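Below, each chain spelled out in residue letters.
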Amino acid sequence: MPTEVAQRYPAQLSGGQQQRVGVARALAADPPVLLMDEPFSAVDPVVRDCLQEELLRLRGELGKTILFVTHDIDEAVKLGDAVAVLREGGRLAQYDAPQRLLAEPADEFVAGFVGKDRGYRGLSFVDSDGLPVHELPTIRIGRSPPGAAGCWW
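Only a predicted model underlies this, so the values are computations on that prediction, with no experimental measurement involved. (Residues numbered from 1 in each chain as written. Predicted model: local features only at pLDDT ≥ 70, side-chain atom pairs only at ≥ 80, totals over all residues. Heavy atoms only, no water.)

A.B. asks: Any details on the pattern of salt bridges? Residues and values, ideally.
C.D. replies: Tallying each qualifying case throughout the model produces 11 salt bridges. Close ionic contact of Arg48 with Glu75 constitutes a salt bridge, the shortest N to O distance being 3.0 Å. Here the residue Arg48 occupies a position in helix 2 (residues 45–62), and Glu75 occupies one in helix 3 (residues 73–79), the gap between them amounting to 27 residues. Considered together, Arg48 and Glu75 belong to a single accessibility category, that of buried residues. Through salt bridges that share partners, Arg48, Asp72 and Glu75 make up one connected network. (Salt bridge = Lys/Arg side-chain N within 4 Å of Asp/Glu carboxyl O. Helix = DSSP H or I, 4+ residues; strand = E, 2+ residues; numbered from the N terminus. Buried < 20%, exposed > 50% of the residue type's maximum accessible area, 1.4 Å probe, protein only.)

A.B. asks: Can you explain the packing of helix 1 (residues 15–28) against helix 2? Please cite residues and give values.
C.D. replies: At their nearest, the axes of helix 1 and helix 2 sit 11 Å apart, and the two run at 15° to each other. Between helix 1 and helix 2, the crossing angle belongs to the class labelled roughly parallel. Crossing angle aside, the handedness with which helix 1 passes helix 2 is right-handed. For the pair helix 1 and helix 2, the contacting residues are Gly16, Gln19, Arg20, Val23 and Leu27 in the first and Val47, Cys50, Leu51, Leu58 and Leu62 in the second. Split by residue class, the contact of helix 1 with helix 2 holds seven nonpolar, two polar and one charged. (Axes fitted to C-alpha atoms, helices over the stretch in contact; angles between N-to-C directions. Parallel < 35°, antiparallel > 145°, perpendicular 65-115°, else oblique. Left-handed = near helix turned anticlockwise from the far one by under 90°. Contact = heavy atoms within 4.5 Å. Nonpolar A, V, L, I, M, F, W, Y, C, P; charged D, E, K, R; others polar.)

Function-wise, these values are silent; they only describe arrangement.
As structure tokens, this is what we get:
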């Protein structure tokens, strides 16, 4: 954060700046585990994305364990090494790696929670380096594909 912010009172800081100060204060005590209860819920999407990226950087740099509570499945998938989905009453529905949670929801409740577009979210875990690349045959409009007899549609 800019040094001129140091002269301001907490109420004079933006939501994103307040969140950064809160994380800095928590890290100053050097705890082995950080508990973050919806820390980015009160900021706009642009600031939220920046804070998420900063948290990922800090986690990698400091090697801290972070228990991160969120209702945003996209945020959980982006930030978590493992994600726990809780049912009403706080009962565990599934605890898994983000890619497995998206690919193999334990039941209909979890499938509904992670959303119908979970397949698209799962693509963020696919490394394109391992995908085979090859030419695909093309067909000109009005012509039948090779080896097709009669109607082929």
